Amino acid sequence: MSRTTDPTPATRARVRKRSWARVFIPVALILVWLVGASLGGPLFGKVDEVSSNDQTSYLPESADATEVQQLLGEFNDTDAIPAIAVFVGDDELSDADVEQISDAVADAPDIEGIGEDVSPALVSEDGLAAQAFIPVLGDAELGDTVTELETELQDAAPAGVTVYITGPAGFSADLVAGFAGIDGLLLGVALLAVLIILVLVYRSFLLPVVVLATSLFALCVALLTVWWLAKAEVLLLSGQTQGILFILVIGAATDYALLFVARFREELRSTKDTGAAVLAAWKGSFEPILASGGTVIAGLLCLLLSDLKSNSTLGPVASIGIVFAMLAALTLLPSLLLLFGRAAFWPRRPAFEPQVVAAENGMPSQGLWVRLARLISRRPRVIWIVTTLVLLVGALGVTQLNASGVPQSDLVLGSSQARDGQEVLGEHFPGGSGSPAYVVVAEDSLQDAADILLASDGVESVSVTSADSPSGSAPVTEDGIQAVGAPGTPVPEPTTVDGDVLLQATLSDAADSDAAASTVRELRTELDNLDAQVGGVTATAIDTNDASIHDRNLIIPVILVVIMVILMLLLRSILAPVLLILTTVLSFGTAMGVSALVFNGIFDFPGADPAVPLYGFVFLVALGIDYNIFLMTRVREESLKHGTREGILRGLAITGGVITSAGLVLAATFAALSVIPILFLVQLAFIVAFGVLLDTFVVRSLLVPALAYDIGRAIWWPSKLGRSER
């Protein structure tokens, strides 16, 4: 008969210590995240305090448009953004109408945020319209100021006269209004979509909240970090970057949480000890989550090679978000699951059934993914060949993608007062009124530069900045600078800065039109001998598009190489990563091809920004490869035990459900970007959402496993696993 003895004091102490640590550590981690989230949460409504949507601020320092923009303040002694007020009558404007309009314009500086240097109202040649240039101060609340200006001018205008506010300030106000829903609408739609998917996946009440809390806490702490870095001017933040950060963190953190929860559920079937299940799930999830996050971060940081700051700054901003998404999935989520245990899955708690698990030997006995695995084992070659051909057909649509840039007036979807105002302005005045091309040239070359400008068919008139002129500028003709005012008025002296003068060329066409872009490109070529620099709205768009195309051609190949190296290190193979990259690129090509057909044939979009393919590539390849990482790391794990072909079938059957759920979550979160009426974000939302679904349901479910199964153990070449089959 055996005797039992009480544990020794030392043993009891170790047990108490482990029990205390098991409670203290997760509680401490939860409190740390809670403090971080409480500090970051209030910043959701304050991102505009540290962000900018000015296109020029994102150009390379060496770009002509950037250098000219920096000099404008020295010539004009102001950082104001010009607004163009357009007054259009039902009939020809009478003298009384013009006088009333002039009085309304003269009173504009009484509005908070409006500068003093308003121009007099200028009547069009047809007498049906008038325009005035009104400066909006750089520190004003642009959206509110432009709205109030339009309201005040409309109230003061004569009966039958409609007022529009357009020009740089008008279009910037449209962008501000477009991004206004990021903190509320975008976040709410994304979280609601994720919550619905999680409830359907888990059929549980508590677990979706736990997973969503993990994502939301990660976002709050990421925002806290990014906000202060932007405030310190370490990072440049825009509404576009902000929206992508929100979506990326929620989607990635939820995906990592889904992977962890799936491993946790597996372990609960084999052990009663919640702590042991959490630890085993953490060990099984750590490598794929770290590899997935590392791949995304590596791809994003490749954007640092970009000439455009809007691209280069997205890299570190989004990488910070991914870092906190990984940290939350590997610290906060395990802590919450350790405290809740099986109760987190209520009312569908995982049963403790080690006999069933042993009988299954790690392989589900039934279900959709088991049936799909069996189908692949019977017809692998037919499946991957047919799938590849279908994807190639879809990729042919890439030839229809127009990604050479879009007019500024088309950046915001839906109604736009600035767009309407520009159309009306072009009907009665030169199309480029209010958005001139600025030319900085040496004073002794002023007339030569003016002659070149005046000789251009795309230039309506030329003036030079002058503090002596009542309007701040004086016209320049082939005969030189002209006096402004009554006969006998002295010819004004041009304002000089370090020996340079500033010419303003009013273009014949709208500043954001293709015709205006052609004019500015021609002027740059003709003025090159004078060492002149050309800036302004049109030049900024040209420099932005040129830099975007350069970035796209440089960064895409770099991302492919970086991700391939990471996959080789992760899978200890050369062939498998090459094939995974090729399938992901094929998936991207199909997504872009289908998107091009949809953009042109259904939505009738005017084109796309050159950065759209680059952003689509970064997110589809960096994020799309995640699912192949989730799949192939599990396949490798199973192959080490059961051989390659059996490991492929097991990996697909085991990960099929969780990866599909993760794909649905990521697609839903990116689709939420479409609620922001900005053309770039709507296009990116469709490309990434469609591409993720394509990758989830076709590439990762059919093409990759069928191709790998057909190749067999050689898929792991040249590693040892590729030479020996268990």
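Located above this text is the structure these notes cover.
Rules of the game
- Residues numbered from 1 in each chain as written.
- Predicted model: local features only at pLDDT ≥ 70, side-chain atom pairs only at ≥ 80, totals over all residues.
- Heavy atoms only, no water.
- Phe/Tyr/Trp six-rings, centres within 6.5 Å; stacked < 30°, edge-to-face > 60°.
- Lys NZ or Arg CZ within 6 Å of the ring centre and 35° of its normal.
- Buried < 20%, exposed > 50% of the residue type's maximum accessible area, 1.4 Å probe, protein only.
- Helix = DSSP H or I, 4+ residues; strand = E, 2+ residues; numbered from the N terminus.
- Pairing = 2+ DSSP bridges.
- Contact = heavy atoms within 4.5 Å.
- Patch = residues over 30% accessible without salt bridge, like charges linked within 9 Å, V, L, I, M, F, W, Y side chains within 5 Å.
- Areas by Shrake-Rupley, 256 points an atom, 1.4 Å probe, with all protein chains shown as cover.
- Salt bridge = Lys/Arg side-chain N within 4 Å of Asp/Glu carboxyl O.
- Lys, Arg positive; Asp, Glu negative; His and termini not counted.
- Charge placed at Lys NZ, Arg CZ, Asp CG, Glu CD.
- Axes fitted to C-alpha atoms, helices over the stretch in contact; angles between N-to-C directions.
- Parallel < 35°, antiparallel > 145°, perpendicular 65-115°, else oblique.
- Left-handed = near helix turned anticlockwise from the far one by under 90°.
- Nonpolar A, V, L, I, M, F, W, Y, C, P; charged D, E, K, R; others polar.

Details of the packing of aromatic side chains
So, step 1. Summed over the entire model, instances satisfying the criterion amount to 15 aromatic pairs.
So, step 2. Grouped by ring-pair contacts, the aromatic residues Phe599, Phe603, Phe605, Phe686 and Phe690 constitute a single cluster.
So, step 3. One Lys or Arg, Arg645, reaches over the ring of Tyr709 and ends 5.5 Å from the middle of that ring.

Topic: the pairing of strand β9 (residues 500-507)
Every other side chain in a regular strand lies on the same face of the sheet, so the side chains alternate between the two faces.
So, step 1. Where burial is concerned, most of β9 is hidden: seven out of the eight residues are buried.
So, step 2. Here six bridges tie strand β5 (residues 437-442) to β9, and the two strands are oriented antiparallel to one another. Bridged to Tyr438 within β9 is Gln504.
So, step 3. Pairing geometry for strand β6 (residues 459-465) and β9, over five bridges, is antiparallel.

Observations regarding the environment of Thr519
So, step 1. As for its placement among the helices and strands, Thr519 is situated in helix α17 (residues 514-527).
So, step 2. Apart from the residues within four sequence positions on either side, Thr519 is in contact with Ser456, Gly458, Val459 and Leu507.

Observations regarding a positive patch on the surface
So, step 1. Positive charge collects at one region of the surface, where Arg371, Arg374, Arg378 and Arg379 lie side by side.
So, step 2. Examined against the element boundaries, Arg371 turns out to sit in helix α13 (residues 368-378).

Details of the packing of helix α20 (residues 611-642) against helix α22 (residues 679-711)
So, step 1. Orientation of α20 relative to α22, taken along the N-to-C sense of each, is 30 degrees, at an axis distance of 9 Å. Between α20 and α22, the interaxial angle falls into the category roughly parallel. Crossing handedness for the pair α20 and α22: right-handed. Contacts from Ala611, Val612, Tyr615, Gly616, Phe619, Leu620, Gly624, Tyr627, Asn628, Leu631 and Met632 of α20 reach α22 at Phe680, Gln683, Leu684, Ile687, Val688, Gly691, Val692, Asp695, Thr696, Arg700, Val704 and Pro705.
So, step 2. The residue makeup of the contact of α20 with α22, split by class, is 15 nonpolar, six polar and two charged.

Brief notes about the sheet that holds strand β10 (residues 533-536)
So, step 1. The strand order β8-β7-β6-β9-β5-β10 describes an open sheet built from six strands, whose pairing is antiparallel. In this open sheet, the two edge strands, each paired with only one partner strand, are β8 (480-481) and β10.
So, step 2. In this structure, β5 lies alongside β10, joined through four bridges in antiparallel fashion. In the sheet register, Val440 faces β10, and the bridge partner there is Gln533.

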